[in-house]
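# Fold and geometry: a report
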Amino acid sequence: MIKHSLSFRFQDDVPDDVRASVLAALAALPDHYPAMRNWSMGENISTRDSTFTHCMTVEFDSNDDLLAYLHSDAHETFVRQTWRPVIAQQAITSYEYTERPTAPTRSGDIVTTRPHGPFGLEYARIEVPDLSATTDFLQYHVGLQLEAHTDEYAYLRADIEHHSIEVIHAPGRDVGHTVAVGYSVESEDVLAQLQKSVVDAGFEILDLQERQQGFCENGFAVRDPNGLVVELFTEFQEYAEPPHTEIRPVDLIHPFIATTRYAESMEFYTEVLNFQASDHIVGSTTFLRGEDRYHHSLALQNNKQDFVAHLCFAMKSLDHVMRMRARALYKGAPIASDIVNHSASTSIAFYLHDPKFGPRFELCDRHRVFTPDEHETHRARRMPADPRNIDVWRPAADDWGRF
Ligand SMILES: [Fe+2]
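Residues numbered from 1 in each chain as written. Predicted model: local features only at pLDDT ≥ 70, side-chain atom pairs only at ≥ 80, totals over all residues.

## Let's talk about the overall build of the chain
Heads up, the condition is: Where helices and strands are cited, they refer to DSSP runs of H or I of at least four residues and of E of at least two residues respectively, numbered from the N terminus. Here the radius of gyration uses the C-alpha set of atoms, whereas the globule reference equals 2.2 Å times the residue count to the power 0.38. Placing a C-beta atom from the backbone of each residue, one calls two residues in contact when those atoms lie within 7 Å.
The number of helices and strands found in the chain is 10 helices and 20 strands. For a compact globule of 403 residues, the expected C-alpha radius of gyration is about 22 Å, and the chain comes in at 29 Å, more than 25% above that figure. Over its C-alpha atoms, taken along the principal directions, the chain stretches across nearly 90 × 50 × 45 Å. Considering only intrachain contacts with a sequence separation of at least 6, the fraction spanning at least 24 residues in the chain is 67%.

In structure tokens, the structure reads:
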């Protein structure tokens, strides 16, 4: 396709009736040139640039069709006799383009040809040396509600989903350690495709943890290249109502996975599990999104150790983030990284970290959610490893402290 645009400004002294007749002549062009497609014209309403008063655009199937119009006797005569005497300034642009495929919309069924990834993060399973102290911490400092517990395990939830954190009593551990993450999958078809992809890539299919089998319809697990168990399942159970707690997270968004096998992990999560890259901090971190369209439902960081570095919860508002920060300050709970404004996900967050209770807990507000169109078309940015590309409130390229 060829798009042809004509921006123009009338001379100041041209009478209104002459302007109207010229505009009418332009409006009649498609009647005389059947090869014209999608003709449009309007007054310039830009507040940025008022160089031109009007713009006309029109499309042609080919450049030959455009040239046939431009070189026609009628057009040459119109330009010479009617156009030039009244136009002060003009700009013409013609360019060839390929129509972008119509972005698919999500209406419950798979309508994209792109293989789908998991929908979104539902929970993390954390082994801790002290079960009771950990559940106290997660209730007061993260805002989770304790739903069930024994001496061996506890389930805490943020919203209606069955649980966000499963805590496992592991007295042999010195510090908390995340052993598994669970992702919901939108349909049995996608689950089957993911399982086939895992098998085809040579990874072993594992059973879901036995308790988890009772909380979902179908699923399987796979160990990622770092040893982290990833559980995938459909129809995760949910409560009729969220907890009656005002200041609590509304969703668990992502794990941030530090890995010694960065490239291998990238391949696993993007090629095998079909996550899509949202952005890169070059050489350091890649943010990956699932079908829930959060900017990242998972992040991978190139590191010298393998561990889940943090889990991110979305709070209802910045006010609730700050109230949780106030609780941390009041109780002296360790704030590992104070308020930051993340460039990639546009979220404002702070991080709590007491190693006894597991990874850092990031409490954030306004984590970016892509539109359905952006989800299908977004091009991942490649940002240099500069603190300003991680926290836009950093004033300088060497301000690496406080992360
Ligand atoms: Fe994060």
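So, next bit.
## Remarks on the sheet that holds strand 11 (residues 229-233)
Using the following cut-off: Two strands are said to pair when DSSP picks up at least two bridges between them. Inter-axis angles, ranging from 0 to 180 degrees, are taken between N-to-C directions of lines fitted to C-alpha atoms, where helices are fitted over the stretch in contact.
Read across the sheet, 7 strands follow the order 6-7-8-5-9-11-10 without closing on themselves; strand pairing throughout is mixed. Two strands bound the open sheet, and with one partner strand each, they are strand 6 (145-149) and strand 10 (219-223). Recorded for the sheet is a direction-independent mean angle of 20 degrees between the axes of neighbouring strands. Contacting strand 5 (120-128), strand 6, strand 7 (153-157) and strand 8 (165-169), helix 5 (residues 131-142) crosses the sheet at an angle of about 160 degrees to strand 8.

## Quick word on the pairing of strand 9 (residues 177-184)
So the rule is basically this: Field definition: a residue is buried when 20 or more other C-beta atoms are found within 10 Å of its C-beta, exposed when 12 or fewer are, and partly exposed for counts in between, with C-beta atoms placed from the backbone.
Of all the 8 residues making up strand 9, 6 are buried; the element is thus mostly covered by neighbouring parts of the structure. By the bridge criterion, 7 bridges tie strand 5 to strand 9 in an arrangement that is antiparallel. When the bridges of strand 9 are listed, Glu 127 appears paired with His 177.

## So, helix 1 (residues 16-27)
Counted only if it meets this: A helix is expected to span 1.5 Å multiplied by its residue count minus one.
Helix length check: helix 1 (12 residues) gives 16 Å between terminal C-alpha atoms against 16 Å at 1.5 Å per residue, within 8%. Within helix 1, only 1 of the 12 residues are buried, leaving the element largely exposed.

## Some details on unusual backbone geometry
Positive phi is not limited to glycine here, since Glu 235 has a value of about 55 degrees. Tracing the sequence through the fold places Glu 235 in the loop between strand 11 and strand 12 (249-259). C-beta crowding within 10 Å serves as the criterion here: with 15 such atoms nearby, Glu 235 is assigned to the partly exposed category. With a phi angle near 65 degrees, Asn 274 is a residue other than glycine that sits in the positive phi range. Residue placement: Asn 274 occurs in the loop between helix 8 (262-272) and strand 13 (276-281).

## Side note on the nonpolar core
Let me state the cut-off plainly: The nonpolar core is taken to be a set of buried Ala, Val, Leu, Ile, Met, Phe, Trp, Tyr and Cys residues joined by way of C-beta atoms within 7 Å.
Phe 313 and Leu 363 are the most contacted members of the largest nonpolar core, which totals 72 residues. The element best represented in this core is strand 16 (residues 307-315), accounting for 7 residues.

## Considering the domain arrangement of the chain
Definition in use: Domain delimitation in this document rests on an assignment produced automatically or drawn from a domain database.
Domain boundaries in the chain define domain 1 (2-96) and domain 2 (120-389). On a C-alpha basis, the centroid separation for the pair domain 1 and domain 2 is 55 Å.

## Here we look at the sheet that holds strand 2 (residues 37-43)
The 4 strands are arranged 2-3-1-4 in an open sheet whose pairing can be described as antiparallel. In this open sheet, the two edge strands, each paired with only one partner strand, are strand 2 and strand 4 (87-96). Within this sheet the neighbouring strands show an average axis-to-axis angle of 10 degrees, counted without direction. Where strand 2 meets strand 3 (residues 54-60), 5 bridges bridge the pair, whose relative direction is antiparallel. By the bridge assignment for strand 3, Met 41 is matched with Met 56.

## Remarks on the environment of Asn 44
Residue position: Asn 44 is located in the loop between strand 2 and strand 3. Ignoring sequence-local partners within four residues, the contact set of Asn 44 consists of Ser 50, Phe 52, Thr 53, His 54 and Cys 55.

## A closer look at the environment of Ser 5
Its location among the elements puts Ser 5 in strand 1 (residues 2-10). In this structure Ser 5 comes out as partly exposed when scored by C-beta crowding, with 15 C-beta atoms within 10 Å. Look past the residues within four positions of Ser 5 in its chain and what remains in contact with it is Cys 55, Thr 57 and Thr 93.

## Notes on the confidence of the model for the chain
To be explicit about the condition: Per residue, pLDDT captures the predictor's confidence, and it can take any value from 0 to 100.
Per-residue confidence for the chain averages 94 on the pLDDT scale, and 97% of its residues sit at or above 70. The low-confidence segment residues 102-110, where pLDDT is below 50, has 14 contacts with residues more than four positions distant or belonging to other chains.

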